[in-house]
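# Chains, contacts and geometry: an overview
Residue-level listing of the chains:
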Amino acid sequence: MSALIEIAGLTKRFGAFTAVDNVSFDVARGEVLGFLGPNGAGKSTTMKMLAGFVTPTSGTARICGHDVRSHSVQARRELGYLPEGAPTYPEMSVLGFLQFCGRLRGFSGRELRERVDHAVALTTLGGVRLQPVETLSKGFKRRVGLAQALLHDPAVLVLDEPTDGLDPNQKHGVRELIRQMAPSKAIVISTHILEEVDAVCTRAIVIANGRIVADATPAELAKRHPSGKLDDVFRAMTAPKTAEAA
Amino acid sequence: MFSIRSMMAVTRRELNSYFATPVAAVFIVIFLALQGVLTFNLGNFFARDQADLAPFFSFIPWVFLLLVPAITMRLWAEERRLGTIELLLTLPLRQSEAVAGKFLAAWAFCAVALALTFPFWITVNVLGTPDNAVIACGYLGALLVAGAFLSVGAAMSAVTKNQVIAFVLALAVCFIFAVASYPLVTDFIARSSPDLATLARRISMNDRFLSFTRGEIELRDVIYFFSFIGFWLFLNSVIVEHRKAD
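Rules used throughout
Residues numbered from 1 in each chain as written. Chains lettered and ligands numbered in written order. Predicted model: local features only at pLDDT ≥ 70, side-chain atom pairs only at ≥ 80, totals over all residues. Helix = DSSP H or I, 4+ residues; strand = E, 2+ residues; numbered from the N terminus. Rg over C-alpha atoms; globule rule 2.2 N^0.38 Å. Buried ≥ 20, exposed ≤ 12 C-beta atoms within 10 Å, placed from the backbone. Contact = placed C-beta atoms within 7 Å. Axes fitted to C-alpha atoms, helices over the stretch in contact; angles between N-to-C directions. Parallel < 35°, antiparallel > 145°, perpendicular 65-115°, else oblique. Left-handed = near helix turned anticlockwise from the far one by under 90°. Nonpolar A, V, L, I, M, F, W, Y, C, P; charged D, E, K, R; others polar. Pairing = 2+ DSSP bridges. Core = buried A, V, L, I, M, F, W, Y, C linked by C-beta atoms within 7 Å.

### Focus: the overall build of chain B
When its secondary structure is counted, chain B shows twelve helices and zero strands. The linear arrangement of helices and strands in chain B, starting from the amino end, is α-α-α-α-α-α-α-α-α-α-α-α. The C-alpha atoms of chain B give 19 Å as radius of gyration, which agrees with the globular expectation for 246 residues (18 Å, within 12%). Judged by the C-alpha coordinates and their principal axes, chain B covers about 60 × 45 × 35 Å. The burial tally for chain B puts 42% of its 246 residues in the buried class. Relative to all contacts within chain B whose residues are 6 or more apart in sequence, the contacts with residues 24 or more apart total 79%.

Laid out in structure tokens, this is it:
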């Protein structure tokens, strides 16, 4: 079976600056890919291109075989996407917001209600469903964004820092959720929390200065440093090699 | 394929957000108060001793000129500032559906504000026997002027994430179309190029609106307004596509 996410030669330049440089990888069903890298390495830009929000300078990205540029709407139907910072409309209630997303995903009537209820239950938002999003804490907002991405039970999930701002219990909850969903989906999560990679990912890609510098399972990755710690591997791969560092 | 359902989902959300924030109340109160003062005091509504709404309609384009950019300035600029544009445009929704949905919501809102001027219509019917068909034409014209200004404002809002800039740009562009046929303007232009003065008269909104208020609906005027709106909505889509991720 072919991969659900296929990225080939993806490049994005902003003027003279190359944010993402010739990135290629596939993600198959059942895989949870941890997308690692320091801030500004090109993680979010790659995910934005995959979601069809940023237009690549060159290269292609496909979701379930649909090219994100030429068959953008079909590709987006198969995709659940949590943008960086989990943006939501502040004046809307949690329920109103999820219903809006559900309607745009083509649900109505009873099916819409069931989908929203299910997503609310998965992300344990039941207690705040009628509250305006702007009154919620950061962790709740993030889960509202996550609920939106799960509404239509998509084959492909792309989550940009899904556990940022959550407390340890909520982090655990989200990781459990990702683990449960993993067998039926292709999931990409970006993070700079390395314990998360150990906890949920079956594979990790390290990106630095827009290029892929490693693509392996977390265990293999850890072996690349004498200490056997992901932290050390990450630092060795991505730390800027400047005079002051020496 | 353009999906009416997706467009209506956007329209519904936008309309709700007007009424969830003080925007709707402030706009409607100021609109009605301004129209009241202008019509009854400056417009000599009673002293004219004529049963029509000519003074009411003569001020409407100017009131819209001031207030319509205030409605449209947030349409795209706020999505950009909050980051929700990334969410909206990664849902399975075409740009054209989002653009049309937002425009329709703003237009429906203006229609509500316009409908709330019904006491003027009752007043004139109590005091005399006006030609209500002419008044209906005037209202139609006013709605078209509002639509035209809204389409400009929506496109200007897509240019920037700063709402003040969006407001000023919309006001400036609408002003040009509002005054282009005034003798002061055309005489000035005619001094350097008579052809340009003719063009200015053609693209102007004011003369066309005035013929509506006299009860004359001409096909070319209707076509003018709809192609005007269509042009700016198209431009709006292009701007959103081009600058969505900036």
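Moving on, there is more to tell.
### Brief notes about the packing of helix α3 (residues 94-104) of chain A against helix α4 (residues 109-122) of chain A
All names here are of chain A. Running from N to C, α3 and α4 point in directions that differ by 125°, and their axes come no closer than 10 Å. Considering their axes alone, α3 and α4 lie oblique with respect to each other. In the crossing of α3 with α4, the sense of the turn from one axis to the other is right-handed. The segment α3 lies against α4, with Leu-95, Leu-98, Gln-99, Gly-102 and Arg-103 engaging Leu-112, Arg-115, Val-116, Ala-119 and Val-120. Tallied by class, the residues present in the contact of α3 with α4 amount to six nonpolar, two polar and two charged.

### Regarding the interface of chain A and chain B
Contact residues are listed per partner, giving 20 residues for chain A and 19 residues for chain B. If you tally residues by element for the side of chain A that touches chain B, the top one is α3 of chain A, at four residues.

### Quick notes on the sheet that holds strand β4 (residues 58-63) of chain A
Residues and elements named next belong to chain A. Taken together, the four strands give an open sheet; going across it, the order is β2-β1-β4-β5, and neighbouring strands pair in antiparallel fashion. A single partner strand is all that each edge strand has here, and the edge strands are β2 (17-27) and β5 (66-67). For strand β1 (residues 5-14) and β2, the ladder comprises seven bridges, and the chain directions are antiparallel. Note on β2: the bridge partner recorded for Ile-5 is Val-27. Its contacts with the sheet place helix α1 (residues 43-50) against β1, β2 and β4, and it is angled at close to 120° to β1.

### Points about the sheet that holds strand β9 (residues 203-208) of chain A
Residues and elements named next belong to chain A. In space, the six strands of this open sheet follow the order β6-β7-β8-β3-β9-β10, with mixed pairing throughout. For this open sheet the edge positions go to β6 (79-82) and β10 (211-216), each flanked by a neighbour on one side alone. Within this sheet the neighbouring strands show an average axis-to-axis angle of 15°, counted without direction. Summarising the sheet, strand β3 (residues 32-36) and strand β8 (residues 186-191) pair through five bridges and their orientation is parallel.

### Overview of the nonpolar core
Val-158 of chain A together with Ala-106 of chain B are the most contacted members of the largest nonpolar core, which totals 141 residues. The biggest single contributor to this core is helix α7 (residues 132-157) of chain B, with 13 residues. With residues near it in sequence (within four places) discarded, Ala-106 of chain B still touches Ile-71, Thr-72, Leu-75, Leu-150 and Ala-154 of chain B.

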